[in-house]
Amino acid sequence: MTPVSVPQQNLAHERRSAMLVVGLLILSLLIGWQVKTAVQNATRTVEVSGLTVDVPNGWLVQEGAGDLLFVARNPLAIDELYRVSQLPAEPDLAVLAENRNLARARLDDSYRVLSAEPIVFAGHDGYKVSFARVDLDSPGIPHVIEGLDYYFAEGDQVNVLSLEAESESFADALPAFQRFAQSMTNTGE
């Protein structure tokens, strides 16, 4: 067998071509990642009863009744939702949260408070309640739903922003919910 020699010029050309392909591949992946992130972070503004919040684009928004202003639901993860409620002002947010938790526990035997504490969120004093419950109504095997309520006093009312998601995806849903909570403004209707 006779050794075949490749001219040095061809080897250099092949290396440049390979490096160009790798560079274009990396550039394409970065552009694709930016487009994906921009689409996932896109929002639309919802205004109800003097509150304005940015809801993820594509989420289903259903108007509520009574204290519940609206529910925004992720159509790709039906157990992931945001609730926005307005309650009459209470001098102590901890008492208001405790009463609300007791009412929920009366309606759902599986409802459990995991933690409750005062917070400062985006420069606003508030109260945070973490909870869990079992979803027995969904088809298939029951699963654990984790939730989070943020209570913020605003004049003669308390705004309550809530997140619920399956336990396995709760940590992934939390950053978007916090952006949602930070977007809340009171238009003073």
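Please refer to the structure placed before this passage.
Calculation rules
Residues numbered from 1 in each chain as written. Predicted model: local features only at pLDDT ≥ 70, side-chain atom pairs only at ≥ 80, totals over all residues. Heavy atoms only, no water. Pairing = 2+ DSSP bridges. Helix = DSSP H or I, 4+ residues; strand = E, 2+ residues; numbered from the N terminus. Phe/Tyr/Trp six-rings, centres within 6.5 Å; stacked < 30°, edge-to-face > 60°. Buried < 20%, exposed > 50% of the residue type's maximum accessible area, 1.4 Å probe, protein only. Salt bridge = Lys/Arg side-chain N within 4 Å of Asp/Glu carboxyl O.

S.K.: Is there a simple way to think about the sheet that holds strand β1 (residues 43–48) in this case?
M.R.: Strand pairing in a sheet is mediated by backbone hydrogen bonds. Such pairs are either parallel or antiparallel. Taken together, three strands build an open sheet; the order of strands is β1-β2-β10 and the sheet is antiparallel. The strands lining the two open edges of the sheet, one partner per strand, are β1 and β10 (185–186). Inspection of the sheet shows β1 paired to strand β2 (residues 51–56) by six bridges, in the antiparallel sense. Residue pairing across strands places Thr43 opposite Pro56, the latter belonging to β2.

S.K.: Would you take a moment to explain unusual backbone geometry for this structure?
M.R.: Trans is the prevailing form of peptide bonds, just as negative phi is the prevailing case for residues other than glycine. Phi is positive for Ala122, close to 50°, though the residue is something other than glycine. Relative to the helices and strands, Ala122 resides in the loop between β6 (112–121) and β7 (124–135).

S.K.: Before we go on, may I ask you to explain the packing of aromatic side chains in this structure?
M.R.: Describing an aromatic ring pair means giving the distance of the ring centres and the angle of the ring planes. Enumeration over the complete set of coordinates arrives at nine aromatic pairs. With 4.6 Å between their ring centres and 40° between their planes, Trp59 and Tyr82 make a pair best called tilted. Separated by 23 residues along the polypeptide, Trp59 in the loop between β2 and β3 (60–63) and Tyr82 in strand β5 (residues 81–88) bring together distant segments of the chain. A relative accessible area of 8% means that Trp59 is categorised as buried. Overall, the relative accessible area of 0% leaves Tyr82 in the buried class. Here the aromatic rings of Tyr82 and Phe180 are separated by 4.5 Å at their centres, their planes lie at 35°, and the arrangement is tilted. Of this pair, Tyr82 sits in strand β5 while Phe180 sits in helix α3 (residues 170–182), and the two are 98 residues apart along the sequence. In this structure, Tyr82 and Phe180 share a single accessibility class: buried. Among the aromatic residues, ring-to-ring pairing joins Trp59, Tyr82, Phe121, Tyr150, Phe152, Phe177 and Phe180 into one connected group.

S.K.: Please explain the pattern of salt bridges as it appears in this structure.
M.R.: One pass over the structure, following the stated rule, counts five salt bridges. Lys128 is the salt-bridge partner of Glu117, the closest N and O atoms lying 3.4 Å from each other. Pair noted here: Glu117 is in strand β6 and Lys128 is in strand β7, with a separation of eleven residues, a long-range link. The class of Glu117 is partly exposed, set by a relative accessible area of 34%. Between Arg133 and Glu164 there is a salt bridge, and its shortest N-O distance comes to 2.8 Å. Pair noted here: Arg133 is in strand β7 and Glu164 is in strand β9 (residues 157–166), with a separation of 31 residues, a long-range link.

S.K.: When you look at the pairing of β3 in this model, what are you seeing that I'm missing?
M.R.: When a strand is regular, its side chains alternate between the sheet's two faces. Bridge count between β3 and strand β4 (residues 68–73): four bridges; the pairing is antiparallel. By the bridge assignment, Leu60 is partnered in β4 with Arg73. Linking β3 back to β4 in an antiparallel pair, the connection comprises four residues, with Gly66 at a positive phi of about 65°.

Remember, this is a structural readout, not a statement about activity or role.
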